[in-house]
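A closer look at the structure
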Amino acid sequence: MITTTRLILRKPKPEDAAAFFKVYSHREAMRYWSTPPHSDIEETVKVIENSIRGWETKDYYDFSIQLAQGQSVIGKAALHNIHKSSRRAEVGYLLSPDYWGQGYMKEAMTALIEHAFGALEMRRLEADIDPDNAASRALLERLSFRKEGELRERWEIGGKITDSHLYGLLARDWQGP
Ligand SMILES: CC(C)(COP(=O)(O)OP(=O)(O)OC[C@H]1O[C@@H](n2cnc3c(N)ncnc32)[C@H](O)[C@@H]1OP(=O)(O)O)[C@@H](O)C(=O)NCCC(=O)NCCS
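- In the nomenclature of an unreviewed UniProt entry, the chain corresponds to N-acetyltransferase from the organism Saccharospirillum salsuginis.

1. What to know about the sheet that holds strand 7 (residues 146-157)
- Across the sheet, which stays open at both edges, the 8 strands sit in the order 1-2-3-4-5-6-8-7 with mixed pairing between neighbours. The open sheet is flanked by strand 1 (2-3) and strand 7, the only strands paired with a single partner.
- Across 8 bridges, the pairing between strand 7 and strand 8 (residues 160-170) is antiparallel. Paired with Lys 147 across the bridge in strand 8 is Tyr 167.
- Its contacts with the sheet put helix 1 (residues 17-24) on strand 3 (61-67), strand 4 (73-83) and strand 5 (88-95), and the angle it makes with strand 4 is roughly 85°.
- Helix 3 (residues 104-117) contacts strand 1, strand 2 (7-10), strand 3, strand 4, strand 5, strand 6 (124-129) and strand 8 of the sheet and is inclined by roughly 30° relative to strand 4.

2. A closer look at the site of the ligand
- In the neighbourhood of the ligand, 20 residues make up the surrounding shell, with Leu 95, Gly 101, Gly 103, Lys 106 and Arg 142 lying closest.
- Tyr 93 is positioned with one of its backbone polar atoms (N or O) 2.8 Å from a nitrogen atom of the ligand.
- Here Lys 106 contributes a side-chain N or O atom positioned 2.7 Å from an oxygen atom of the ligand.
- If the ligand stood free it would expose 940 Å²; the protein chains cover 73% of that surface.

Calculation notes
Residues numbered from 1 in each chain as written. Predicted model: local features only at pLDDT ≥ 70, side-chain atom pairs only at ≥ 80, totals over all residues. Heavy atoms only, no water. Pairing = 2+ DSSP bridges. Helix = DSSP H or I, 4+ residues; strand = E, 2+ residues; numbered from the N terminus. Contact = heavy atoms within 4.5 Å. Axes fitted to C-alpha atoms, helices over the stretch in contact; angles between N-to-C directions. Near = heavy atom within 4 Å. Polar contact = N/O pair within 3.5 Å; in protein donor to acceptor, adjacent residues only side chain to side chain. Areas by Shrake-Rupley, 256 points an atom, 1.4 Å probe, with all protein chains shown as cover.

If you want it as structure tokens, here you go:
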């Protein structure tokens with residue numbers, strides 16, 4: 001568990017499904033996600049089951065983000081595609097639109113990056129974003145990620161083909177919170 005001033009980042013629980021389904025079924029929140037929006041809560045339940053399995057195998061750390069006050073689950077922040085011997089992982093994040101623009105993901109990701117470069121001894125973090133995802137780009141740049149490349153027509157999601165912009169952050173470049 002990781003705590004920040006306003007947030008708790010913790011292992012997902014099956015009871016998170018209802019809160020997550022609200023986000024995973026939200027068209028605008030899912031606009032740049034790697035899957036189409038969920039239309040059935042069973043899809044969300046499967047995502048949570050995979051997340052819990054990822055913690056057990058240590059292959060994938062998907063943190064539920066909970067408000068420290070009130071205990072609502074408002075999103076997730078993840079380390080996935082973990083390559084243990086190269087000590088690198090990809091970051092992912094999704095926040096309920098009710099909480100956008102209030103610095104929540106910057107707070108959550110700052111704590112997750114500290115954890116990744118600290119306790120988990122990662123050396124490099126990566127992100128793959130849709131070039132049109134201005135919020136994600138701004139968040140990464142705010143966290144000192146550097147744009148490192150562009151891949152053409154990398155994704156095909158719900159019939160739409162999109163490019164990827166790849167970002168990277170090295171532990172030695174991380175200045176801390
Ligand atoms: C990307 C996302 C997690 C950002 O969360 P957030 O909590 O609103 O972001 P923050 O408030 O912490 O903002 C971080 C920085 O990004 C900037 N930012 C946030 N949203 C922005 C937007 N829509 N346009 C431009 N800049 C934006 C903020 O101003 C802030 O920079 P600053 O500290 O210099 O002011 C949120 O928009 C989201 O969940 N989007 C849908 C899911 C998604 O696309 N995930 C990424 C897939 S790769």
